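What follows is the residue order along each chain.
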Amino acid sequence: MGSRRQMPAHYARALWRNEGGDVRLYAVVAAGGFRRHATYRVATFAGVFTNTVFGFILAYTYIALWDERPHLGGYDMSQALTYVWLGQALLMTCAMMGGGFEDELMERIRTGDIAVDLYRPADLQLWWLAGDLGRAAFHLLGRGIVPMVLGALAFDLALPGSPWTWLAFLVSVALGVVVSFGVRFLVALSAFWLLDGAGAMQIAWLAGLFFSGMLLPLPLFPGVLGEVARALPWSSLLQVPADVFLGRYAGWDLLRAYAFQGGWAVALLLAGRMLQSVATRRVVVQGG
Amino acid sequence: MDDMDFIELDGVEKVFDVRRRTGFMRRERREVRAVDGISFRVPRGEMVGYIGPNGAGKSTTIKMLTGILTPSGGRLRVAGIDPSRQRTKLAHRIGVVFGQRTTLWWDLPLRDSYRLMHRMYRIPDSRYRENLDRCVELLDLGALLDVPVRQLSLGQRMRGDIAAALLHDPEVLYLDEPTIGLDVVSKAKVREFLRDLNAERSTTVLLTTHDLTDIEQLCKRVMVIDHGRLVYDGALAGLHEVGESERTLVVDLERELPPIELGSEPSVRVVKVEGPRQWLAFPAAVSAAPLVARIAADYPLVDLSVREPDIESVIAKMYVTDSRV
């Protein structure tokens, strides 16, 4: 039984070979993730309404702030307002305050339903990642576009002129979703040990809200706090995609931004795999 | 592996470390032997009942048989595969239904979950369609395919789950409480389906249940587990002898009389008297005919019936006997 602890090489192989499944399986899972969220139309409508209201509140707050301190953090007024609406548009997509798969996964661990996921010939992490990517795609369309359009109608936003910038932005958002998944997967797995992981999840949500740049852009954070905040994984969720959108990265800087996001994504996914293997091997699956 | 040893367990154990707080900052470690040295063989195509009280170790055994729990000791093989080492490989050959859990996508129509199984088990298209059609017909799922799972009744969902477990032609099916919470009609439907499945496809079935009617109707062989040990493995009929079971003779007399006394039959005793009706218990192995003749000769008999032992009480007796050891 000791020989079963083959470490990272095994996980890397599993990741690349898609052990226990194939691309089509995870495509079906992702499509399922999309459609599951698309089922709840009223919730989506209510969410869009909330995003829009908060967009307006934050926009007027930022206007007051930037009137006092123009070019705060290197952003002009219309860039700052664009940042606000991007935040609303990506709030659910990058699950900055949760709202993704993590509640469900924790509940499955708590009740023991995780047993059903474990006997399947599929990889637990890839399974939930695929589902979360599907969810994120839905939230980008369902919860992102309308607030962004309303924001653009009401305020003078700095929208990119080049289609390449839009494309670069989407790549950055996709990386942000994977980083966000990586964090939430780790926190959700803590339920194997904590039995009730709600506390850990709330800490992660708060950290996400603050360190993603949702409340204030991270360049506004002073000194060491700012540097730490910008180096943490959460900046991949909003700060980096928003700066890509605003054209603050060009050429090698853009690649460096991607490398930052991609590095966190890989590190978090690998950490998730290790925790997953410890969890499923050592810990009792709850329930009879 | 040959077909006689399709499922093989040799002295399988599962020990859990349970940590418990016993005081401020103090913890006590305790070993719980959920499965304590179980050995059995199940040949291919057999339908076996696996029963026992709550916490006896049934689900732990099933979890080891699927590979999601690693045994702490002993040897375990399913279709020649070590489940915990080759969980994914084994998964393609087994089907699992946990009655209280679902493998179906809660928010989406039943059909979507089946499409997922199609991809997950890499079922060839023609085979998938054939199996799905068969399950839809026999489990009466036609009208339900486009209904979101959350809107299904428990019985409908269970039938949906059973179909999901069978689309990839598993050679073994583990059923953990497949009829729990179902109404009589749904139970009958599920049992009939399982019987046909076993007969036509010789799928090996390991059935865990609290409903002994399931066992009576489906399994010739039954294994009883208690405190992590196998306390009985054999024919269902044999359980009665082991459990020292008794049959009951219900006698209606013409009028109220003192309890019947049959001097020559010391093993018979009256267990209950209610007006002119009396209940007599006698060992299951003893023939009822001479008893009836004696009573008819000595008492004003109006009517009588013989009740077969209730298997539930037989097993309850076994548990009591076992825990006294």
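Residues numbered from 1 in each chain as written. Chains lettered and ligands numbered in written order. Predicted model: local features only at pLDDT ≥ 70, side-chain atom pairs only at ≥ 80, totals over all residues.

(A) Representation of the domain arrangement of chain B in the model. Domain parsing of chain B yields domain 1 (3-241) and domain 2 (246-308). Computed over C-alpha atoms only, the centres of domain 1 of chain B and domain 2 of chain B are separated by 43 Å. (Domains from an automatic or database assignment.)

(B) The arrangement of helix α10 (residues 198-211) of chain A in detail. Residues and elements named next belong to chain A. For α10, built from 14 residues, the straight-helix expectation of 20 Å at 1.5 Å per residue is met to within 8% by its first-to-last C-alpha distance of 20 Å. All buried positions along α10 are accounted for by Met201, Ala204, Gly208 and Phe211. Seen along its axis, α10 keeps its buried residues to an arc of 110°; they face one direction. Turned more than 90 degrees off the buried face of α10, the exposed positions are Ala198, Gly199, Gln202, Ile203 and Leu206. Positive backbone phi, approximately 95°, marks glycine 213, located one or two places after α10. (Helix = DSSP H or I, 4+ residues; strand = E, 2+ residues; numbered from the N terminus. Expected span 1.5 Å × (residues − 1). Buried ≥ 20, exposed ≤ 12 C-beta atoms within 10 Å, placed from the backbone. Arc of directions from axis to C-beta.)

(C) Region of the structure containing the confidence of the model for chain A. Confidence in the prediction for chain A averages 88 pLDDT; 90% of positions are at 70 or higher. Here residues 1-7 of chain A scores under 50 on pLDDT; set against residues more than four positions off or in separate chains, the count is two contacts. (pLDDT = per-residue confidence, 0-100. Contact = placed C-beta atoms within 7 Å.)

(D) Representation of the sheet that holds strand β12 (residues 277-283) of chain B within the structure. Residue and element names in this part refer to chain B. As summarised here, the arrangement of the four strands in space is β11-β12-β10-β13, forming an open sheet in which the pairing is antiparallel. The outermost strands of the open sheet, each flanked by one partner alone, are β11 (269-274) and β13 (301-307). Looking at each pair of strands side by side, their axes are set apart by 20° on average, direction ignored. (Pairing = 2+ DSSP bridges. Axes fitted to C-alpha atoms, helices over the stretch in contact; angles between N-to-C directions.)

(E) Focus on the sheet that holds strand β7 (residues 204-208) of chain B. Residue and element names in this part refer to chain B. With respect to topology, six strands assemble into an open sheet ordered β5-β6-β7-β3-β8-β9, the strand pairing being mixed. In the strand order of this sheet, the two ends are held by β5 (94-98) and β9 (229-235), each with one partner. The sheet shows a mean angle of 15° between the axes of neighbouring strands, direction not considered. One ladder, built from six bridges, connects strand β8 (residues 221-226) with β9; its direction is antiparallel. Across the sheet, residue methionine 223 finds its bridge partner in β9, namely aspartate 233. Where helix α1 (residues 58-66) meets the sheet, its contacts fall on β3 (47-51), β5, β6 (172-176), β7 and β8, and the angle it forms with β6 comes to roughly 150°.

(F) Up close: the interface of chain A and chain B. Chain A puts 25 residues into the contact, and the matching count from chain B is 27 residues. The element that contributes the greatest number of residues to the side of chain A that touches chain B is helix α2 (residues 23-38) of chain A, accounting for seven residues. Partitioning the side of chain A that touches chain B into residue classes produces 12 nonpolar, five polar and eight charged. (Nonpolar A, V, L, I, M, F, W, Y, C, P; charged D, E, K, R; others polar.)

(G) A look at unusual backbone geometry. All names here are of chain B. Unusually for a residue other than glycine, arginine 122 sits at a positive phi of about 50°. Tracing the backbone through its elements, the reader meets arginine 122 in the loop between α3 (110-120) and α4 (125-138). Positive phi is not limited to glycine here, since serine 202 has a value of about 40°. Positionally, serine 202 belongs in the loop between α6 (184-201) and β7. Overall, serine 202 belongs to the partly exposed group, with 14 C-beta atoms counted inside 10 Å.

(H) Region of interest: the packing of α2 of chain A against helix α7 (residues 124-154) of chain A. All names here are of chain A. It is at 7 Å that the axes of α2 and α7 come closest, and there the two elements cross at 45°. Taken together, α2 and α7 sit at an angle that is classed as oblique. Crossing geometry of α2 relative to α7 is assigned as right-handed. Contacts between α2 and α7 involve Tyr26, Val29, Ala30, Ala31, Gly32, Gly33, Phe34, His37 and Ala38 on the former and, on the latter, Leu126, Trp127, Ala130, Gly131, Asp132, Leu133, Gly134, Arg135, Ala137, Phe138, His139 and Gly142. Considering only residue class, the contact of α2 with α7 consists of 12 nonpolar, seven polar and two charged. (Parallel < 35°, antiparallel > 145°, perpendicular 65-115°, else oblique. Left-handed = near helix turned anticlockwise from the far one by under 90°.)

(I) Expanded view of the packing of α2 of chain A against α3 of chain B. Close contact between α2 of chain A and α3 of chain B brings their axes to 8 Å; oriented N to C, the two are set at 160°. Of the possible angle classes, the one that applies to α2 of chain A and α3 of chain B is roughly antiparallel. In terms of crossing hand, the pair formed by α2 of chain A and α3 of chain B is left-handed. Touching Arg24, Leu25, Val28, Val29 and Gly32 of chain A of α2 of chain A are Asp112, Arg115, Leu116, Arg119 and Met120 of chain B, all from α3 of chain B. Class assignment for the residues of the contact of α2 of chain A with α3 of chain B results in five nonpolar, one polar and four charged.

(J) Fine view of α1 of chain B. Residue and element names in this part refer to chain B. Counting buried residues along α1, nine of its nine residues qualify, which places the element largely inside the surrounding structure. Of the positions making up α1, those classed as buried are Lys58, Ser59, Thr60, Thr61, Ile62, Lys63, Met64, Leu65 and Thr66. Glycine 67 occupies a position one or two residues after α1 and carries a positive phi of about 95°.

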